Each structure stands twice: as structure tokens, then as C-alpha cells.
Amino acid sequence: GPEQQGRPSMRAGPRVIGLALALISLAPLAMAAVSASLVRSALARTPRVHRVACARMSTTPVGGSGRVCVVGGGFAGLNAALRLAGMPWESGTKPTITLVDKSDRHVFLPMLYDLVCGDVSEWEVAPRFDELLQGTGVEVVRGEFVDIDPDLRELRVRGPEGGGIEVMPYDRAVLALGGQAARPAVKGALSFRTLDDAINLKFKINSLLKSGVPLVRVLVVGTSYSGLELSTQLARFLGPRRGLVTLVGRGEDVLADGAAGNREASRAALDDAGVEVLLGRSVDLESATRARLTRTGDEGAAPEYVDADLVVWCAGSAPAERTRDLGLALTADGRIAVTDTLQVRGSSDVYAIGDMALCEPLADTDASAQNAQVAVQQADYAAYNVWASLGGKAEMPFRYTKLGEMLAYGTLDASVDAMGLLNIRGLPGATLRRAAYLYRMPTNAHKAKVGFSWAFDAAARAADAVLSAKPPDFTAP
């Protein structure tokens, strides 16, 4: 990524068992010490966060060093705000940095699967903004972005719970609106994109398990990343005695756009997890529990029907409706059109990053993908360019580096593709995935708390494995 001042920057007996248990018991203590140190250092470096209610937003321009407004608290927006707060502003020139989001939480989307299956806690993957941004110098405004006036340099934001419209002046704005999942047309069928989606799915699965149904039947629609990770993790969570997971998709193979190594690993994981895979089928939902499948390219064939307790739609993305009325330059697919410096075409004071933006010079490259990796790298460049533009320095064109991709198939199984050069699977892959996601947590304080929690859970699992292991038979010859 760019650098801060110039460029956007793995013979047994009681004694052995006792030693193992002792080491395991020390691991959480060590993590606690590291956590405490990281928290102290993070809080000591920066001022406390200001909590601002939308209803109290000023309608007059901020004086002095001005204001940078970042709209959207996902990967792109949150990382841009944090990066801006850490830029080397000259004395007296640091602007007020305001993050606007309609939610009170940042959601670490790639780990919602883990949340559904109980492998992580909600606070770990969906921390509150007021806790997460403590000590960063980023101001938080909770409200729903309505529109922007580039000529007047104003945002309009609706307060939470149907509050009134407030006007927020800015000197620079960064729009990180985030994508939207396609929602199933049938009421009662589920989608899987947001924290609410994950909590709803988890609640419904647990309710079915408690109801005493002989088998929880789940139909997952979509054979790309989301459908693959959700179906394999659900199948392993439920097990063959409690559940049957069916994955269906239009293509003739899974993960059509993914790395070859991950595609091969996904096929093996689906088979090992016991997922029923139906490829080459288009799906029409007749109800929230029944799907009609038609073989693609053979519409005259007799349809198949799949009954399920739950249908989860993981196919496709919704049209970019939220950008249409903003009055900004758009691409043919409705995304905000931005230049190589991530400025909105025709609006030099407004930057757009993340899923709802498209860097036109890189439209035919991997940089056009709508994923967290692109969003985080764009956040780095956008923050640098905002800093540069306010300081009279040259801005830098966005350059994307694809670092690979990761898929999780269960607590102890994942596939990691490193730039197409190396594929790491199984427990090593799962360990590397957790380490990478811990590194990508937005602040040192949150990394420390989550790292301690994960270390404690791993130590508990290791202790349980040792204690439940069959003791050696010392009487055997």
C-alpha cells in the first residue's frame, strides 16, 4: 500500500500431558499482556472520538482546517477515514474527519459465515463504531445518506429512526456506499449479505434444531464465493445427522471466476462436507420452502423440485439503484464513474470508492471487482489523494495489486490462493485465513481484543482435545 508520506501504501505420559496443559493455560495470559500493551499504545497516540448525533449536525461550514466527510462505514469507508486520521497533516491543517453511516456497527463481511456457525462472536466481527473508533480522532455521525450537492459542497443526511434531514458541509467528500445483494422475490426466502441476514439465518437454524425436526434442509442458491462458503460451513455445522444442505447454480462448475486451486479445493470441500450439488440449473422460487429447477439450455426438460426448510439466496447483486438520483457521473451499469485518482468524473472535490464506484481507466482489469480487497486498496489511495489535494501536493493514480483469495469451508478447513502461485488448504489454510483477517481488523485495539479471544478459544479447544484423548496403555508390552 501507499507509504504515509509519499505513496499510497506458521513415550507419552502424565508429564507430557501436564506440560501441554500448562503451556495451553499460559497462552491466554500471554495474549492478554500483548492485548493490554496494544490497547494502551493505540489510545495514547490519538485523541478521543467525538460522538455526534445526526440531529446536532451543524449546517454552517466548519472553520479553520475544514471537514472531510466519508460516507459509508464498510471496508472502503472505514479504512479511508482511519487512513485520513493517520496522515501527516501539517500543524493546524488537519481537517475534521467525519464518518457517516446509517448503522452503528462496522461489519466484517467475510466472517459472517463463521458467525452463523458459532465460530466467532458478534462483537468480534461487528464492533460498534463508537467503541471501534475510540482514540482515532474520527467523528461519527449516525444517519442515512440521502444525496450530495457538489456545487455547494454539501451532503444531506437523514437522522436515525426517521429523523429529519440535516445538511453537512464538506471540503472533500469520499463516497463509499457499498454494494447490495440481490434479494429473493419470494417473501420468507433469505438473502445473505448483512449482519441482520446472518443473525436471522442463525436464529432460524437454531429454532429448527430446537423444534425437533428430523433433518434441517437448507437450499443455497449461487455457486460463487458466498454460496460455497455458506453451504460447506452449514453442512459441517449441522452434520449429516442434523442437516441436509443443497447447493444449486446455473453454471457447469463452481466458482467460475475464482482461482483454479480454490475451485479444485471447493469441489473437494463440498464432497467432504456432504453438500448435494446441482449444477446447470436455473432457479425459480415457488415459495419460501420450494424451488423449481430447470436445466439451463434445455428448457423443454421436465423441471425438478427441491423442498427445503430454508432457502438462502446468494446469487448475483442488486442493481445500483442508490446511485441513480445523485446527479453524479455514472457508468453503464450504474456505478459512480471515477478517474484514475478516484475522483468522481466532473466533481474533483468528491471521491468514490468501493463496490458502487468504478475506476474507468481500469474498468477491464481486476480492479473493477466488487470485493473487500479492491475496497481496502482504494481507501488507501483515496485518503492519500484527499490529503494531497488539501495540501497542494500531487495526487496519485490508483494501482491495484491482486493478492489472492481465501475461502473457508469450516473451522479447520480453508483454501488460500496466493496470487495464483501457491494454494494452501486444510488447517494451514484456515490458520492463514484467520491470521490475515486479524491483520485486516481496522484498529490495533480491536485486533488485540479479537486476537486474545481467538487465542483463548484455540487454547480451550486444544485443552479439550488433550483431556478427551485416550490415555496411553502403559501395561502393553
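The structure displayed is predicted, hence computed values, not measured ones.

Engineer: How would you summarise the overall build of the protein chain if you had to cite specific residues and measurements?
Structural biologist: On a plain count of helices and strands, the protein chain comes out with 11 helices and 23 strands. Among the 477 residues that make up the protein chain, the fraction classed as buried is 48%. Here the protein chain displays about 23000 Å² of accessible surface, and carbon together with sulfur accounts for 53% of that area.

Engineer: Can you break down empty space enclosed by the protein residue by residue, with the values?
Structural biologist: By volume, the largest cavity amounts to about 50 Å³. Lining the largest cavity, in full, are Asp114, Asp119, Ala408, Gly410, Thr411, Asp413, Ala414, Ala430, Arg433 and Arg434. Those elements that provide at least two residues to the lining of the largest cavity are β21 (405–410), β22 (413–418) and α10 (426–440). With three residues, α10 is the single largest residue contributor to the lining of the largest cavity. Here the lining of the largest cavity is composed, by residue class, of three nonpolar, two polar and five charged.

Engineer: Quick one: what's the story with the pattern of salt bridges, residue by residue and with numbers?
Structural biologist: Counted by the stated rule, this structure contains 23 salt bridges. We note a salt bridge from arginine 236 to aspartate 272, for which the minimum N-O separation is 2.5 Å. With arginine 236 in helix α7 (residues 225–238) and aspartate 272 in helix α8 (residues 260–273), this pair connects stretches of sequence that are 36 residues apart. Its relative accessible area of 29% is what places arginine 236 among the partly exposed residues. Residue classification places aspartate 272 among the exposed residues on the basis of a relative accessible area of 57%. The partner of glutamate 304 in a salt bridge is arginine 281, with the nearest N and O atoms 2.9 Å apart. In this pair, glutamate 304 sits in strand β15 (residues 304–307) while arginine 281 sits in strand β13 (residues 281–287), placing the two residues 23 residues apart along the sequence. Assessed through its relative accessible area of 26%, glutamate 304 is described here as partly exposed.

Engineer: Lay out the packing of helix α2 (residues 75–85) against helix α9 (residues 372–390) with the relevant residues and their values.
Structural biologist: Direction vectors running N to C along α2 and α9 enclose 35°, while the axes themselves pass 8 Å from each other. Pair α2 / α9 crosses with right-handed handedness. For the pair α2 and α9, contact is made by Phe75, Ala76, Asn79, Ala80, Arg83 and Leu84 and by Ala372, Ala375, Val376, Ala379, Asp380, Ala383, Val386 and Trp387, respectively. Taken together, the residues that form the contact of α2 with α9 break down as 11 nonpolar, one polar and two charged.

Engineer: Explain the confidence of the model for the protein chain to me, and be specific about the residues and the numbers.
Structural biologist: Summary statistics for the protein chain give a mean pLDDT of 85 and a share of 84% for residues scoring 70 or more. Scored below 50 in pLDDT, residues 9–64 makes 87 contacts in the model with residues more than four places away or belonging to other chains.

Engineer: Talk me through the layout of surface pockets; I want residue IDs and the actual numbers.
Structural biologist: Its volume calculated, the second largest pocket comes out at about 320 Å³. Lining the second largest pocket are 13 residues, with Ala430, Thr431, Arg434, Ala458 and Arg461 sitting closest to its centre. At the level of elements, α10 and α11 (444–468) are the ones that each hand at least two residues to the lining of the second largest pocket. Per-element tally for the lining of the second largest pocket: the top contributor is α10, with six residues. In terms of residue class, the lining of the second largest pocket is made up of nine nonpolar, two polar and two charged.

Engineer: So what about the sheet that holds strand β10 (residues 216–221)? Which residues, and what values?
Structural biologist: If you walk across this open sheet you meet the five strands as β9-β16-β10-β11-β12, and the pairing is parallel. What marks the edges here is a single partner per strand, and that holds for β9 (190–191) and β12 (276–278). In this sheet, strand β16 (residues 310–313) lies alongside β9 in parallel orientation, the contact comprising two bridges. When the sheet's bridge partners are listed, serine 191 is paired in β16 with tryptophan 313. Where α7 meets the sheet, its contacts fall on β10, β11 (243–248) and β16, and the angle it forms with β11 comes to roughly 165°.

Engineer: Break down the environment of glycine 243 for me, citing the residues and quoting the values.
Structural biologist: Turning to its location among the elements, glycine 243 is positioned in strand β11. Counting along the chain gives 28 residues from glycine 243 to leucine 215, while the straight-line C-alpha distance between them is 4.9 Å. Here glycine 243 is in contact with Leu215, Val216 and Leu238, once residues within four sequence places are set aside.

Engineer: An account of the nonpolar core is needed here, citing residue identities and associated values.
Structural biologist: Formed by 107 residues in total, the largest nonpolar core has its most connected members in Leu175 and Phe192. With 11 residues, the single largest contributor to this core is α9. Here phenylalanine 192 is in contact with Leu112, Tyr113, Val116, Asp197, Ala198, Leu201, Ser226, Leu230, Val312, Trp313 and Cys314, once residues within four sequence places are set aside. Ala182, Leu278, Ala288 and Leu293 belong to the second-largest nonpolar core, a separate cluster that totals 16 residues.

Engineer: How would you summarise the sheet that holds strand β6 (residues 154–158) if you had to cite specific residues and measurements?
Structural biologist: Taken together, three strands build an open sheet; the order of strands is β5-β6-β7 and the sheet is antiparallel. Each end of this open sheet is capped by a strand with a single partner; those strands are β5 (144–149) and β7 (165–169). The mean inter-strand angle of the sheet, taken between neighbouring strand axes irrespective of direction, is 25°.

Engineer: With reference to specific residues and values, describe the packing of helix α6 (residues 195–211) against α7.
Structural biologist: Running from N to C, α6 and α7 cross one another at 30°; their axes reach a closest spacing of 13 Å. On the basis of the axis angle, α6 is roughly parallel to α7. The interaxial crossing formed by α6 with α7 has right-handed handedness. Contact residues: α6 offers Leu201, Ile205, Asn206 and Leu209, while α7 offers Leu230, Leu234, Phe237 and Leu238.

Engineer: Now, about α2: what can you tell me, with residues and values included?
Structural biologist: Here α2 lies mainly inside the structure; 11 of its 11 residues are buried. The complete set of buried residues in α2 reads Phe75, Ala76, Gly77, Leu78, Asn79, Ala80, Ala81, Leu82, Arg83, Leu84 and Ala85.

Engineer: Outline the packing of aromatic side chains, supporting the account with residue identities and numerical values.
Structural biologist: Applying the stated rule across the entire model yields six aromatic pairs. For the pair tyrosine 381 and phenylalanine 398, a centre-to-centre distance of 5.3 Å together with 85° between the ring planes defines the contact as edge-to-face. With tyrosine 381 in helix α9 and phenylalanine 398 in the loop between α9 and β21, this pair connects stretches of sequence that are 17 residues apart. Look at phenylalanine 398 and you get buried, because its relative accessible area is 0%. Ring pairs connect the aromatic residues Phe75, Phe108 and Tyr437, which therefore count as one cluster. Its guanidinium or amino end placed over the ring of phenylalanine 237, arginine 242 lies 5.3 Å from that ring's centre, counting from NZ or CZ. The positively charged end of arginine 434 is found above the aromatic ring belonging to tryptophan 454, 4.4 Å away from the centroid.

How each quantity is defined
- Residues numbered from 1 in each chain as written.
- Predicted model: local features only at pLDDT ≥ 70, side-chain atom pairs only at ≥ 80, totals over all residues.
- Heavy atoms only, no water.
- Helix = DSSP H or I, 4+ residues; strand = E, 2+ residues; numbered from the N terminus.
- Buried < 20%, exposed > 50% of the residue type's maximum accessible area, 1.4 Å probe, protein only.
- Areas by Shrake-Rupley, 256 points an atom, 1.4 Å probe, with all protein chains shown as cover.
- 1 Å grid on protein atoms, 1.4 Å probe; cavity = no way out; pocket = protein on both sides within 12 Å on 5 of 7 lines; lining within 4 Å.
- Points joined across faces, edges and corners; volume = space filled by probe spheres on them.
- Nonpolar A, V, L, I, M, F, W, Y, C, P; charged D, E, K, R; others polar.
- Salt bridge = Lys/Arg side-chain N within 4 Å of Asp/Glu carboxyl O.
- Axes fitted to C-alpha atoms, helices over the stretch in contact; angles between N-to-C directions.
- Left-handed = near helix turned anticlockwise from the far one by under 90°.
- Contact = heavy atoms within 4.5 Å.
- pLDDT = per-residue confidence, 0-100.
- Pairing = 2+ DSSP bridges.
- Core = buried A, V, L, I, M, F, W, Y, C linked by side-chain atoms within 4.5 Å.
- Parallel < 35°, antiparallel > 145°, perpendicular 65-115°, else oblique.
- Phe/Tyr/Trp six-rings, centres within 6.5 Å; stacked < 30°, edge-to-face > 60°.
- Lys NZ or Arg CZ within 6 Å of the ring centre and 35° of its normal.

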